[in-house]
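# What the coordinates show
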Amino acid sequence: MMLPLAKGISSTAAMPALEELTRQAAFLSVALSMPEGGIALLEERFNSELFTKDEVPDPLPETPVPSPKPSENSSSAQPEKKKDPPPEIEERYRGNISEEDLSGAGGAALIAAGNGRIRNYTKLTGERIAAELEKPIDLGLVPGGPQVLIIHTHATESYEEYDTGYYDTRNGWRSTDDSENMVAVGNALAKKLEENGIGVIHDAMQHDYPSYNGSYQRSAETIKKHLAQNPSIRIVLDVHRDGIQRTDTLIVKPTTVINGRKAAQLMIIAGCDDGTMNMPGWSENLRFAGRLVDAVETDSPTLMRPVMFCYRKYNQDLAPGSLLLEFGSQANTLEEAIYTAELVGQSLADLLHELGV
């Protein structure tokens, strides 16, 4: 995801990463002819070289952009805003949006998880992963008290305002207005869970503002605080949106249609321990990811992208049901992401009832 320079990250902290990315630009250009999975593999490699395993941007980083758009009122309880017509964009600033189905249906290299799929970025064999998915899942869920914690390590991530097929290349896709960013998506997810009798705590803290650096360390402290105060919490969902940029002027919009409405496709990230991250519960997280992707795909076919199973921590060592959720990309609209959150929330609620809540 994006690395804002003006307020989200200091220029001195950003320069080493930017210089390294510039040096590797020729190598990255190879990705332009690759499918989405190939690009992810390249960018995963660069992440591991530029950041530590405990503090990395999400798997598909974008070009550095300006700081988030400020807001006078970041309350999530604002009335719905009436949209003006899409603004005219000068040709020199106009980029293209490629609307694509990234569900991976029929992908030969993918590992089945019921009706869902998993893309393996680890050294584990497909047979080993399939065997892990067959094991019973026990997250220790009990009725009463909150069972789910929703947080946002990168709360200020936002979306395209209009569904037009093009975008303004000057767009930063960040906002501190909680009615426009990931907090709004988290609200929709929490509401659907609560409507189904699932206890939820939704923490709207903007861990990435005013500083992007240290976001995961700050969100870890938030998670630890809630776990200490509410031992009934067994599931932690870190809600983000992805960023998929193929060229300087082409971004990708992972989209499907469910019940006649456009929805932003969702990708789950489940971390794996390579022996250096002190994350012994990675297999429980993977099994939970497998059950969730299966549940959502059963209810809403093509809504899910394959689970990204990779050597990343993302604070997933803190609870047995910890997952990172990527709702669409910067090219989707907020409305599409919120619709996905509602669909996923219903499938998740049904799954949690099945697991004993």
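Everything in this summary refers to the structure shown in the same document.

This part covers the environment of Gln-245. Mapped onto the secondary structure, Gln-245 falls in strand β8 (residues 245-247). Spatially, the C-alpha atoms of Gln-245 and Ser-98 are 9.8 Å apart, while their sequence positions differ by 147 residues. Within the structure, Gln-245 has its side chain in polar contact with the backbone oxygen of Thr-247 (distance 3.2 Å).

With that out of the way, let us pick up the packing of helix α4 (residues 126-134) against helix α7 (residues 282-299). Following both chains from N to C, one finds α4 and α7 inclined at 80°, their axes separated by 9 Å at the closest point. Considering the angle they form, α4 stands roughly perpendicular to α7. Each of Arg-128, Ile-129, Glu-132 and Leu-133 in α4 lies in contact with α7, whose residues at this interface are Trp-282, Ser-283, Leu-286, Arg-287 and Gly-290.

Attention now goes to the sheet that holds strand β11 (residues 266-271). Read from one edge of the open sheet, 8 strands run β2-β3-β12-β11-β13-β7-β4-β6, paired in mixed fashion. Two strands bound the open sheet, and with one partner strand each, they are β2 (111-113) and β6 (200-202). Averaged over all pairs of adjacent strands, the angle between strand axes in this sheet comes to 25°, irrespective of strand direction. As judged from the 3 bridges shared by strand β3 (residues 116-120) and strand β12 (residues 307-310), these two strands associate in the parallel manner. Paired with Asn-120 across the bridge in β12 is Phe-309. α4 contacts β2, β3 and β12 of the sheet and is inclined by roughly 5° relative to β2. The sheet contacts of helix α8 (residues 334-354) involve β4 (148-151), β7 (235-240), β11 and β13 (321-327), and relative to β13 the element is tilted by about 155°.

Bringing the pairing of strand β9 (residues 250-258) into the picture now. Within β9, 7 of the 9 residues are buried, which leaves the element mostly enclosed by the surrounding structure. Pairing between strand β1 (residues 94-100) and β9: 5 bridges, direction parallel. Looking at β9, one finds that Glu-99 is bridged to Lys-253. Linking two consecutive strands that pair antiparallel, namely β8 and β9, is a turn of 2 residues. Examined bridge by bridge, β9 and strand β10 (residues 261-264) share 4 bridges and lie antiparallel to one another. Within β10, the position partnered with Thr-256 by the bridge is Ala-263.

In this model, α8 (21 residues) spans 30 Å end to end at C-alpha, consistent with the 30 Å of a helix rising 1.5 Å per residue. After α8 finishes, the residue Gly-356 shows a positive phi value of roughly 120°.

Across the junction of Tyr-209 and Pro-210, the peptide omega takes the value 10°, indicating a cis bond. Mapping Pro-210 onto the fold places it in the loop between β6 and α6 (215-229). For Asn-259, which is not glycine, the phi torsion reads 55° and is therefore positive. Tracing the backbone shows Asn-259 in the loop between β9 and β10. A relative accessible area of 70% means that Asn-259 is categorised as exposed.

About the thresholds
- Every chain is numbered on its own, with residues counted from 1 as its sequence reads.
- Side-chain atom pairs in this predicted model are given and counted only at pLDDT of 80 or more, local residue features only at pLDDT of at least 70, and totals for whole chains, interfaces and linings cover all residues.
- Computation of side-chain values covers all heavy atoms of the structure but excludes hydrogens and water.
- Counting from the N terminus, the helices are DSSP H or I runs at least four residues long and the strands are E runs at least two residues long.
- Pairs of N or O atoms are called polar contacts if they sit within 3.5 Å, as long as, within protein, a hydrogen donor faces a hydrogen acceptor (for residues adjacent in sequence, only side-chain-to-side-chain pairs).
- Between the N-to-C directions of two axes lies an angle of 0 to 180 degrees, each axis being a line fitted to C-alpha atoms and, for a helix, fitted only over the stretch in contact.
- Angles below 35 degrees are treated as roughly parallel, those above 145 as roughly antiparallel, those between 65 and 115 as roughly perpendicular, and all remaining angles as oblique.
- Here a residue-residue contact requires only that any non-hydrogen atoms of the pair lie within 4.5 Å.
- Paired strands, in this sense, are two strands between which DSSP finds at least two bridges.
- Only protein chains enter the accessibility calculation, which uses a 1.4 Å probe; a residue whose area is less than 20% of its type maximum is buried, one above 50% is exposed, and one in between is partly exposed.
- The span one expects for a helix is its residue count, reduced by one, times 1.5 Å.

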